[in-house]
Amino acid sequence: MSALGDPISEWAGGFATGGLVHLNGNSLGPPRVDLTDRLAAVVTDQWTPGQVRAWFRDGWLDLPRTVGDKLAPLLGAAEGQVVIAGDTTSTTLFNALVAACRLRERPVLLIEAEAFPTDLYIAASVARLLGRELVVESRDGFDTYLGEHGDRVGVALAAPVDFRTGRRRDIGSTTALCHAVGALAVWDLCHAAGVLPTNLDTNDVDLAIGCGYKYLGGGPGAPAFLYVAARWQSEVDFPLAGWHGHADPFAMTPDFVPAAGIDRGRNGTPPLLSLVALDHALEPLVAVGIDELHRRTKELGEAFLAGLRPDIEVVSPRDPDQRGGHLALRLPDADAVEHGLAERNVLVDARPPDLIRVAFAPLYVTPEHVRTATEAIHSVLAPPN
Ligand SMILES: *Cc1c(COP(=O)(O)O)cnc(C)c1O
């Protein structure tokens, strides 16, 4: 576990951790130390001299797609299939789910009961809007439902990592199960992007979305991403048919003619400075590559478990290949533990009533942080006699 001879450790120095150990799993991370310079350069070198012209001169209009292409290798996607349309994860999920349902006119929209709340809410709203039946099934029931009633399912929405327990769902086999019954698979990659290989192309995924501010480190409110497999791009009909998704936005025609490629997934003027921050955050992740990021996350998680008092209940799978980048611990009064740890400069997050999540972002969490965290947890809990 020594940092010596461990090249990935060298990236940690490039983050402005502010003396904090950041293991919070819902909005990851410190900025890179040179983020301020990058943003300032956009303001002074592009915005100030160019003003409105910078949209064209400095590639701003293309940034949703160029940043999407930068992210693509981390997701296992070839070029031209990922875009950062500029919205929240919730909005992007809405757009993707309605579009997927329009590709398969069947009565059921299927979702896992363990899904993140916004996914449940948005799926329910989409079902209401389109007159579909929302079927919510717990993990095993989800597969059983596909096996028994698959011919009724138009679209199934799933996540490769359970946001509470960290437990994985295999993207390849679930997608194959959906396709075998003629359903489309839509994936929410929020807790996987930047930490787990998702291999969207080889797994034959139809559509996927995910947020930019967790393991991708794009900063507060970073825009979400959208993946549409090349084979669907000429057919997909998004409900948010804004002018930036038009084949020729500046022709200003009254009729919507969708853009040919992934640009169709865009809708309006993108949040430029947030896109720049996300672009900047992606650079070291892409340089390291998803396999090495995943290896490191597993190594940090194993080190954490090795140092953790054995009487503490771990809810996540013990096998590092069966979980994502975080571990969930069951501790009574999780909120109090979260606060006690924050007083010791260790940031985790509580999921009421009794779960604490600790997430191991591979670039800025170090083996030293992991040791500090287990010691802090032991000191916050009543010390054993
Ligand atoms: C974090 C998270 C979201 C967040 O949605 P926002 O619209 O970005 O707030 C959605 N889905 C999942 C699975 C998440 O983990």
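Parameters and conventions
Residues numbered from 1 in each chain as written. Predicted model: local features only at pLDDT ≥ 70, side-chain atom pairs only at ≥ 80, totals over all residues. Heavy atoms only, no water. Core = buried A, V, L, I, M, F, W, Y, C linked by side-chain atoms within 4.5 Å. Buried < 20%, exposed > 50% of the residue type's maximum accessible area, 1.4 Å probe, protein only. Domains from an automatic or database assignment. Contact = heavy atoms within 4.5 Å. Helix = DSSP H or I, 4+ residues; strand = E, 2+ residues; numbered from the N terminus. Polar contact = N/O pair within 3.5 Å; in protein donor to acceptor, adjacent residues only side chain to side chain. Pairing = 2+ DSSP bridges. Phe/Tyr/Trp six-rings, centres within 6.5 Å; stacked < 30°, edge-to-face > 60°. Lys NZ or Arg CZ within 6 Å of the ring centre and 35° of its normal. Patch = residues over 30% accessible without salt bridge, like charges linked within 9 Å, V, L, I, M, F, W, Y side chains within 5 Å. Areas by Shrake-Rupley, 256 points an atom, 1.4 Å probe, with all protein chains shown as cover. Salt bridge = Lys/Arg side-chain N within 4 Å of Asp/Glu carboxyl O.

**Some details on the nonpolar core**
One broad trend across soluble globular proteins is that nonpolar side chains are buried collectively.
Here is step 1 of the chain: Grouped together as the largest cluster of nonpolar side chains are 111 residues, with contacts concentrated most on Leu97 and Phe304.
Here is step 2 of the chain: Among the domains, domain 1 (8–23 + 289–380) and domain 2 (41–286) are the pair contributing at least three residues each to this core.
Here is step 3 of the chain: Setting aside residues up to four positions removed in sequence, Phe304 forms contacts with Leu327, Leu329, Val358, Phe360, Val370, Ala373, Thr374 and Ile377.

**Some remarks on the side chain of Thr174**
Here is step 1 of the chain: Topologically, Thr174 is positioned in helix α7 (residues 171–180).
Here is step 2 of the chain: Classification of Thr174 by relative accessible area gives buried; the value is 5%.
Here is step 3 of the chain: A polar side-chain atom of Thr174 sits 3.2 Å from a polar atom in the side chain of Arg169.
Here is step 4 of the chain: What Thr174 contacts, discounting residues up to four positions off in sequence, is Phe142, Arg169 and Trp187.

**Description of the sheet that holds strand β9 (residues 313–314)**
Here is step 1 of the chain: Taken in spatial order, the four strands of this open sheet run β9-β10-β13-β12, and their pairing is antiparallel. Each edge of the open sheet is held by one strand with a lone partner, namely β9 and β12 (349–351).
Here is step 2 of the chain: Of the pairings in the sheet, the one linking strand β10 (residues 326–330) to strand β13 (residues 355–359) comprises five bridges and is antiparallel in character. Along β13, the bridge assignment pairs His326 with Ala359.

**Re the packing of aromatic side chains**
Here is step 1 of the chain: As enumerated under the stated definition, the model contains six aromatic pairs in all.
Here is step 2 of the chain: Taken together, a centroid distance of 5.4 Å and an interplanar angle of 85 degrees make the contact between Trp55 and Trp60 edge-to-face.
Here is step 3 of the chain: Residue class for Trp60 comes out buried when judged on its relative accessible area of 8%.
Here is step 4 of the chain: Measuring from centroid to centroid gives 5.3 Å for Trp243 and Phe250, while their planes differ by 75 degrees, and the two rings are edge-to-face.
Here is step 5 of the chain: Taken together, the aromatic side chains of Phe56, Trp243 and Phe250 make up a single cluster linked through ring pairs.
Here is step 6 of the chain: Taking the ring centre of Phe116 as reference, the NZ or CZ of Lys214 above it sits at 5.4 Å.

**Here we look at a nonpolar patch on the surface**
Here is step 1 of the chain: A cluster of nonpolar side chains, Phe56, Trp243, Phe250 and Met252, forms an exposed patch at the surface whose accessible area comes to about 470 Å².
Here is step 2 of the chain: Counting through the fold element by element, Met252 comes out in the loop between β8 (225–228) and α8 (272–288).

**Things to note about the pattern of salt bridges**
Note on pairing: side chains with opposite charge can pair once their charged atoms come close.
Here is step 1 of the chain: Summed over all chains, the structure comprises 26 salt bridges.
Here is step 2 of the chain: Among the salt bridges present, the one from Asp143 reaches Arg169, with a minimum N-O distance of 2.9 Å. Of the two residues, Asp143 is situated in helix α6 (residues 139–149) and Arg169 in the loop between β5 (153–158) and α7; the sequence distance between them amounts to 26 residues.
Here is step 3 of the chain: Of the residues examined, Arg169 reaches a relative accessible area of 5% and is grouped as buried.

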